[in-house]
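# Descriptive structure summary
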Amino acid sequence: MSTGRLIIDLDAVVANWRALDAMTNCKTAAVVKADGYGLGSANVAKALFKAGVRQFFVAVAEEAAPIREELGPKPEICVFSGHMAGDTDVIRELGLTPMLNSVEQLTHHLETLPEHPFGIQLDTGMNRLGMEMQEWAAVAELALSQKPRLVMSHLACADEPDHPMNPYQLAQFKKMTDGIQAPRSLAATGGILLGPEYHFDLTRPGIGMYGGLPFAQATPVIELEFPVIQIRDVAEGEVVGYGNAWQAARPSRIATVSAGYADGIMRILSDKATLYHGDTPCPLVGRVSMDLLTIDVTDLPEPPKKLTLIGPQQNVDDLARAANTIGYEVLTQLGARYNRKTFGK
Ligand SMILES: *Cc1c(COP(=O)(O)O)cnc(C)c1O
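Read on for a plain summary of the structure. Residues take numbers from 1 onward in each chain, read along the sequence in its written order. Where local features are concerned, this predicted model is filtered to residues with pLDDT of at least 70; where side-chain atom pairs are given and counted, the filter is 80 or more; whole-chain, interface and lining totals use all residues. Values shown for side chains rest on all heavy atoms present in the structure; no hydrogens or waters enter the calculation.

### Observations concerning the overall build of the protein
The numbering of helices and of strands both runs from the N terminus, where a helix is a DSSP run of H or I of at least 4 residues and a strand a run of E of at least 2. Counting its regular elements, the protein contains eleven helices and 19 strands. In terms of overall dimensions, the protein has C-alpha extents of about 75 × 40 × 35 Å along its principal axes. Here the protein, with 345 residues, has 53% of them falling under the buried criterion. Throughout, a residue-residue contact means that at least one pair of heavy atoms, one from each residue, lies within 4.5 Å. The contacts in the protein between residues at least 6 apart in sequence include a share of 63% that link residues at least 24 apart. All accessibility values rest on the Shrake-Rupley procedure with a 1.4 Å probe; residue burial counts only the protein chains present in the view. As displayed, the protein offers around 15800 Å² of accessible surface, 50% of which is attributable to carbon and sulfur atoms. Think of it this way: Lys and Arg go in the positive column, Asp and Glu in the negative one, and His and the chain ends go nowhere. Charged groups are reduced to one reference atom each: NZ for lysine, CZ for arginine, CG for aspartic acid, CD for glutamic acid. Each charge sign in the protein was given a centre, from 30 positive and 40 negative side chains, and these centres are 5 Å apart. In this scheme, a residue with accessible area under 20% of its type's maximum is buried, one over 50% is exposed, and one in between is partly exposed, where area comes from a 1.4 Å probe on protein chains only.

### Brief notes about the site of the ligand
Surveying the vicinity of the ligand reveals 14 residues, the closest of which are Lys33, Tyr37, Thr189, Ile207 and Tyr328. Here a polar contact is recorded for every N or O atom pair within 3.5 Å, except that within protein the pair must consist of a potential hydrogen donor and a potential acceptor, and residues adjacent in sequence are included only if both atoms are side-chain atoms. Between the ligand and the protein, one listed contact pairs an oxygen atom with a backbone N or O atom of Gly206 at 2.8 Å. Ile207 is positioned such that a nitrogen or oxygen atom in its backbone is 2.7 Å from an oxygen atom of the ligand. Notes on the ligand: free accessible area 390 Å², of which the protein chains cover 92%. One heavy atom within 4 Å of a molecule or strand makes the whole residue count as near it.

### Some details on the pattern of salt bridges
Should a side-chain nitrogen of Lys or Arg be within 4 Å of a carboxyl oxygen of Asp or Glu, the pair is scored as a salt bridge. Tallied over the entire structure, the rule returns twelve salt bridges. Ionic pairing is found between Arg92 and Asp89, a salt bridge with its closest N-O pair at 3.0 Å. Of this pair, Arg92 and Asp89 both sit in helix H5 (residues 88-94), separated by three residues, roughly a single helical turn. A salt bridge links Lys306 to Glu225, with the nearest nitrogen and oxygen atoms 3.4 Å apart. With Lys306 in strand S18 (residues 306-310) and Glu225 in strand S11 (residues 222-234), this residue pair connects regions lying 81 residues apart in the sequence. Owing to a relative accessible area of 12%, Glu225 belongs among the buried residues under this scheme. Here the residues in one salt-bridge network are Arg5, Glu225 and Lys306, joined through shared partners.

### Things to note about helix H6 (residues 103-112)
Residues three or four positions apart in an α-helix share a direction because the helix packs 3.6 residues into each turn. If you check which residues of H6 are buried, you get Gln105, Leu106 and His109. What you see down the axis of H6 is that its buried residues fit within an arc of 100°, all on one side. In this structure, H6 carries Glu104 and Glu111 as exposed residues pointing more than 90 degrees from its buried face. Contacts from the buried residues of H6 go to strand S6 (96-100), strand S7 (119-121) and helix H7 (133-145). Directions pointing from the helix axis toward each C-beta atom define the arc.

### Structural notes on the packing of aromatic side chains
Pairing of aromatic side chains requires ring centres within 6.5 Å, counting the rings of Phe and Tyr and the six-membered ring of Trp. Pairs whose planes differ by under 30 degrees are stacked, by over 60 edge-to-face, and all others tilted. Scanning the entire structure with this criterion turns up five aromatic pairs. When the centroid spacing of 4.5 Å and the interplanar angle of 15° are considered together, the rings of Tyr37 and Tyr210 count as stacked. Pair noted here: Tyr37 is in helix H2 (residues 33-37) and Tyr210 is in the loop between strand S10 (202-203) and S11, with a separation of 173 residues, a long-range link. The pair Tyr37 / Tyr210 is uniform in exposure class, with both members buried. Joined through ring pairs, the aromatic side chains of Tyr37, Tyr210 and Tyr328 make up one cluster.

### Focus on the side chain of Ser41
Note on placement: Ser41 falls in helix H3 (residues 41-50). When neighbours within four sequence positions are excluded, Ser41 is seen to be in contact with Val32, Asp35, Gly36, Pro66 and Ile67.

### Concerning the pairing of strand S14 (residues 252-258)
A regular strand places its side chains so that they alternate between the two faces of the sheet. In terms of residue burial, S14 counts as a mostly covered element, since six of its seven residues are buried. Summarising the sheet, S14 and strand S17 (residues 292-296) pair through five bridges and their orientation is antiparallel. Note that in S17 the partner of Ser258 across the bridge is Leu292. Pairs of strands are assigned from DSSP output, requiring at least two bridges between the strands.

### Focus: the environment of Asp178
Among the secondary structure elements, Asp178 is positioned in the loop between helix H8 (165-177) and strand S9 (184-185). Engagement of the side chain of Asp178 in a polar contact is seen with the side chain of Arg184, the distance being 3.0 Å.

### Topic: H8
Across its 13 residues, H8 extends 18 Å between first and last C-alpha, which sits within 8% of the 18 Å expected from 1.5 Å per residue. Buried residues of H8: Met165, Asn166, Gln169, Leu170, Gln172, Phe173, Met176 and Thr177, and no others. Viewed along the axis of H8, the buried residues span an arc of 165°, placing them on a single side of the element. Looking at the buried residues of H8, the elements they touch are H7, strand S8 (151-152), S9 and helix H9 (189-194). Phi turns positive, to about 90°, at Gly179, one or two residues after H8. Helix span, expected: 1.5 Å multiplied by one less than the number of residues in the helix.

### Looking at the state of the cysteines
Any two cysteine sulfur atoms within 2.5 Å of one another count as a disulfide. If you walk through the whole model with that rule in mind, you get zero disulfides. The thiol of Cys26 is not disulfide-bonded; the next cysteine sulfur, from Cys78, is found 14 Å away. Judged by its relative accessible area of 15%, Cys26 is buried.

### Brief notes about the packing of H6 against H7
The axes are straight lines fitted to the C-alpha atoms, using for helices just the contacting stretch, and the angles between their N-to-C directions are given from 0 to 180°. At a minimum axis distance of 10 Å, the contact between H6 and H7 shows a crossing angle of 20°. If you check the angle between H6 and H7, you find them roughly parallel. Handedness of the H6/H7 crossing: left-handed. From H6, Val103, Leu106 and Leu110 reach across to H7, where they touch Glu135, Val139, Leu142 and Ala143. For this scheme, ten residues count as nonpolar: Ala, Val, Leu, Ile, Met, Phe, Trp, Tyr, Cys and Pro. Four count as charged, namely Asp, Glu, Lys and Arg, and the remainder, Gly too, count as polar. Within the contact of H6 with H7, the residues separate by chemical class into six nonpolar, no polar and one charged. Convention used here: angles under 35 degrees read as roughly parallel, angles over 145 as roughly antiparallel, angles from 65 to 115 as roughly perpendicular, and any remaining angle as oblique. If you view the pair so one helix is near and one far, a crossing is left-handed when the near helix is turned anticlockwise from the far one by less than a right angle, and right-handed when it is turned clockwise.

In structure tokens, the structure reads:
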């Protein structure tokens, strides 16, 4: 195989879910949108289902298909984007629970799929998805009379524990939902870490299960290593890669590895990323190309066969920091070309 190897540890995903579950006294669902944050939603959901998870969340209805196919009719699969006009057939056929985001969606749902389960998403200040205070006030009685499975909202700043937006959204959520019979949910990974006031009846972790911040105690889930295709010695003053972007300041040894921006190694990492051979850091030099990276391996005692980008020496968030982004983006950009080895339950 001349493509990178992406190793995915499903036992670690399950361990992280259990650790997050143990922080609350309520139910814990699992968010598997964007193909399980890039790691394979069917495999991830299967492992979590075996561990006892019975409620999953996806962003859009289509994302539920591989999960329903893998797990059958038992688990509840909820859709954050709600019930869009073209979604009715998929929602019915796959037995999905849309989180209705507007009066329009509520009306459409009750007209097209009466008796079909649904939830409600409220906006408590993020201004992204969900019914606002006044809208909710107008339809709450009708919606609640149809027994929603869940009433939820989402925190905008939960990864910053001291942000005043957190207590503000908590207060808004309570104001909009105190006294209702339906189960309530406010917390994703960050909200779980904010403490019990934020937990309500159900939490919805995503990134923490996949080993990312803000869950700092998470067990790492992935490793990513690249095969070396070619090694060459360059003299002082020679240049490497597109744009001649790097010039050797000393006689150097350059390893060319198989991975590039087409595999989710963002071009902004040009001249910035570090790969590892065992514990020895090897800097990426020159530009990231579509399919190749050039790495300075001058300081290694012998020519390497492979180099590691994500592993014990550098986790997903370390790499994200170097790329000026977040672990969520690194994970969801992981390419389709990798030789994926998924192990665990
Ligand atoms: C993505 C998402 C989650 C999961 O968030 P994490 O930060 O990954 O735990 C939960 N709820 C909603 C509405 C989301 O969009």
